[in-house]
Amino acid sequence: MHITRTKTDIRELCAEWRQPGTPLVLVPTMGFLHEGHLSLMRLARQRAGVQGRVIASIFVNPTQFGPGEDFDSYPRDEARDFDLLRAEGVDAVFAPDAAAIYDPQAQTIVETTELAKTLIGKLRPGHFRGVATIVTKLFNIIRPDAAIFGEKDYQQLAVIRTMTRDLDMGVEIIGAPIQREADGLAMSSRNVRLAPADRAAAPVLARALDQAEAMAPSGITASRLRSHVRATLEAEPRARVQSVDIRDAGTLDTISGPLTRPAVILLAASFGKVFLIDNRVVHPSPEET
Ligand code: AMP
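Note that this is a predicted model, so its numbers are computed, not measured. (Residues numbered from 1 in each chain as written. Predicted model: local features only at pLDDT ≥ 70, side-chain atom pairs only at ≥ 80, totals over all residues. Heavy atoms only, no water.)

## Overview of the overall build of the chain
And then number 1: Of regular secondary structure, the chain possesses ten helices and nine strands.
And then number 2: Compactness check: the chain gives a C-alpha radius of gyration of 19 Å against a globular reference of 19 Å for 289 residues, within 12% of the reference.
And then number 3: Projected onto its principal axes, the C-alpha coordinates of the chain cover approximately 55 × 40 × 40 Å.
And then number 4: For the chain, the proportion of its 289 residues judged to be buried stands at 53%.
And then number 5: Within the chain, contacts between residues at least 6 apart in sequence are counted, and of these 71% link residues at least 24 apart. (Helix = DSSP H or I, 4+ residues; strand = E, 2+ residues; numbered from the N terminus. Rg over C-alpha atoms; globule rule 2.2 N^0.38 Å. Buried < 20%, exposed > 50% of the residue type's maximum accessible area, 1.4 Å probe, protein only. Contact = heavy atoms within 4.5 Å.)

Here it is in C-alpha cells:
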C-alpha cells in the first residue's frame, strides 16, 4: 500500500494508474477507522474490480469543525488505520496534514446553498461548506471515477450528490449502508470518547429509530411520529436531544400529514461532550420496504 502525504505524490500515482478499464475509487475518511469505514473499502473494491484501484484518504478537516467543536479531541491513530487499510487490500492512502492541503491564500469555497443551511447545517453552521470544499479538492486532486460515502451521514451524502450534479464533477457517488454495533449503536469514531454510562445509554438512538420504523406503516402523521421519537429520546436522561427531523428521504424537504412516500428520520443528540447522529429511512406501507 502506497502512503502519500502530498498532492503531488498522490496525483502522480493516480496519473500512472488512470487507464481505460482500471477505475479509481476514492473513500474519504477522517481516520480512526472502524468496521463502518472498512465496509466502504469493501464496496470500493467491488466497484473497482481486481484491475481498479482503491484509494482511501485520511484527513481530519479543520474547516468542517466550528469553534468549540471537537477538532482537537477528535480521535486519531494513523498507524492502526494504515494496518487496517493494508489488510483490506487498499492500494493507496492519502494522509496529508492541513498545510499540505490548504493554501493560506485560498479564497474559494464550495457550498450547496440550501442544503447547507438546514438540519445539521443549523446545528453546525459552516460544516457543510467545509465538507463540500474538501471533497471537491479531493476529487480534483485524485480525479476518481467513483467515490463511496456512508448513509450514516445522510445529509452529507445529499450535499455531495447535489454538488457533484450541480458542478458536473463526473464522479459517480455510491452510498453505503450504516454499520452498527451489536446493541444497535451506529459505529462512529466518536464512540470511543463516550463515558461508560453514556455508551450504555447511546443505543436509545437506534431504539427510537426501530420504534419509528415499526410505526411508519400505520398511517401516522409525520408530526406524531416525530413526537414519539422525541419522547423516546427524552426518556433517556443522559441524552441531550439536539434535533429530531422527519424529511422526504429523496429531497430532504419538510413533510406534513400522513406519510405517503419514504421518509428519513434524522437524529442528533449529545451524550456528555460527544455529538452523535443517526438516521433511518422508513416506509409508509410494508410492501414498499
Ligand atoms: P468519517 O471518518 O466519520 O468522516 O467517515 C468517513 C466515511 O465513513 C463517511 O462517508 C461516513 O458516512 C462513513 N461512515 C462513518 N460511520 C459509518 C457507519 N457506521 N456505517 C457506514 N458508513 C459510515
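Still more ground to cover, so stick around.
## Some words on empty space enclosed by the protein
And then number 1: Across all of its chains, the model carries two cavities of 30 Å³ or more by this definition.
And then number 2: Roughly 880 Å³ of internal volume is contained in the largest cavity.
And then number 3: Lining the largest cavity are 47 residues, and of these Met30, Lys152, Asp153, Gln156 and Ile277 lie nearest its centre.
And then number 4: When residues in the lining of the largest cavity are grouped by element, the largest group, six residues, is from helix 6 (residues 127-142).
And then number 5: For the lining of the largest cavity, the residue count by class is 25 nonpolar, 16 polar and six charged.
And then number 6: Structurally, the lining of the largest cavity is a two-domain feature, drawing no fewer than three residues from each of domain 1 (2-176) and domain 2 (189-282).
And then number 7: Estimates place the volume of the second largest cavity at around 40 Å³.
And then number 8: Taken together, Lys152, Leu185, Ala186, Ser188, Asn191, Leu205, Leu276 and Ile277 form the lining of the second largest cavity. (1 Å grid on protein atoms, 1.4 Å probe; cavity = no way out; pocket = protein on both sides within 12 Å on 5 of 7 lines; lining within 4 Å. Points joined across faces, edges and corners; volume = space filled by probe spheres on them. Nonpolar A, V, L, I, M, F, W, Y, C, P; charged D, E, K, R; others polar. Domains from an automatic or database assignment.)

## Details of helix 10 (residues 222-234)
Because an α-helix completes one turn every 3.6 residues, residues spaced three or four positions apart along the sequence face the same direction.
And then number 1: Taking 1.5 Å as the rise per residue, helix 10 with 13 residues should run 18 Å; its terminal C-alpha atoms sit 18 Å apart, in good agreement.
And then number 2: Every buried residue of helix 10 is accounted for by Ala222, Leu225, Val229, Thr232 and Leu233. The arc that holds every buried residue of helix 10, seen down its axis, measures 100°, which confines them to one face. Exposed residues on helix 10 whose side chains face more than 90 degrees from its buried face are Ser223 and Arg224. (Expected span 1.5 Å × (residues − 1). Arc of directions from axis to C-beta.)

## Some remarks on the sheet that holds strand 8 (residues 263-271)
Consider a sheet: its strands pair through backbone hydrogen bonds, and that pairing is either parallel or antiparallel.
And then number 1: As summarised here, the arrangement of the three strands in space is 7-8-9, forming an open sheet in which the pairing is antiparallel. A single partner strand is all that each edge strand has here, and the edge strands are strand 7 (239-248) and strand 9 (274-282). Looking at each pair of strands side by side, their axes are set apart by 15° on average, direction ignored.
And then number 2: Where strand 7 lies against strand 8, nine bridges are found, and the strand directions are antiparallel. Paired with Arg247 across the strands is Val264, a residue of strand 8.
And then number 3: Set on the sheet, helix 9 (residues 204-215) makes contact with strand 8 and strand 9; between it and strand 9 the angle comes to about 15°. (Pairing = 2+ DSSP bridges. Axes fitted to C-alpha atoms, helices over the stretch in contact; angles between N-to-C directions.)

## Comments concerning the packing of aromatic side chains
And then number 1: Under the criterion given, the structure shown has three aromatic pairs.
And then number 2: Ring centres of Phe65 and Phe71 lie 5.4 Å apart, and the angle between their planes is 65°; on these two criteria the pair is classed as edge-to-face.
And then number 3: Summarising the aromatic geometry, the rings of Phe65 and Tyr74 are spaced 6.0 Å apart at their centres and angled 75° between planes, so their arrangement reads as edge-to-face. When sorted by exposure, Phe65 lands in the same class as Tyr74, which is buried.
And then number 4: Cluster of aromatic residues (ring-pair linked, three or more members): Phe65, Phe71 and Tyr74.
And then number 5: Note that Arg80 overlies the ring of Phe32, its terminal NZ or CZ placed 5.5 Å from the centroid. (Phe/Tyr/Trp six-rings, centres within 6.5 Å; stacked < 30°, edge-to-face > 60°. Lys NZ or Arg CZ within 6 Å of the ring centre and 35° of its normal.)

## Focus on the domain arrangement of the chain
And then number 1: Domain annotation of the chain identifies domain 1 (2-176) and domain 2 (189-282).
And then number 2: The centre of domain 1, based on its C-alpha atoms, is set 26 Å off from the matching centre of domain 2.
And then number 3: The interface is formed by 21 residues belonging to domain 1 together with 17 residues belonging to domain 2.
And then number 4: Buried surface at the junction of domain 1 and domain 2, summed over both partners, amounts to about 1600 Å²; 61% is from carbon and sulfur atoms.
And then number 5: Contact with domain 2 buries surface across domain 1, with Leu119, Leu123 and Tyr154 losing the most and accounting together for 38% of the total.
And then number 6: Here domain 1 and domain 2 share two salt bridges between them.
And then number 7: Here Arg190 makes a salt bridge to Asp70, at a shortest N to O gap of 2.6 Å.
And then number 8: Our enumeration of links across domain 1 and domain 2 arrives at eight residue pairs in polar contact (both at pLDDT 80 or more).
And then number 9: Breaking the side of domain 1 that touches domain 2 down by element, the ones donating at least two residues are helix 5 (120-123) and helix 7 (154-166).
And then number 10: By residue number, the principal contributor to the side of domain 1 that touches domain 2 is helix 7, which donates three residues.
And then number 11: When grouped by side-chain class, the residues that make up the side of domain 1 that touches domain 2 number ten nonpolar, six polar and five charged. (Buried area = accessible area lost by both parts, 1.4 Å probe. Salt bridge = Lys/Arg side-chain N within 4 Å of Asp/Glu carboxyl O. Polar contact = N/O pair within 3.5 Å; in protein donor to acceptor, adjacent residues only side chain to side chain.)

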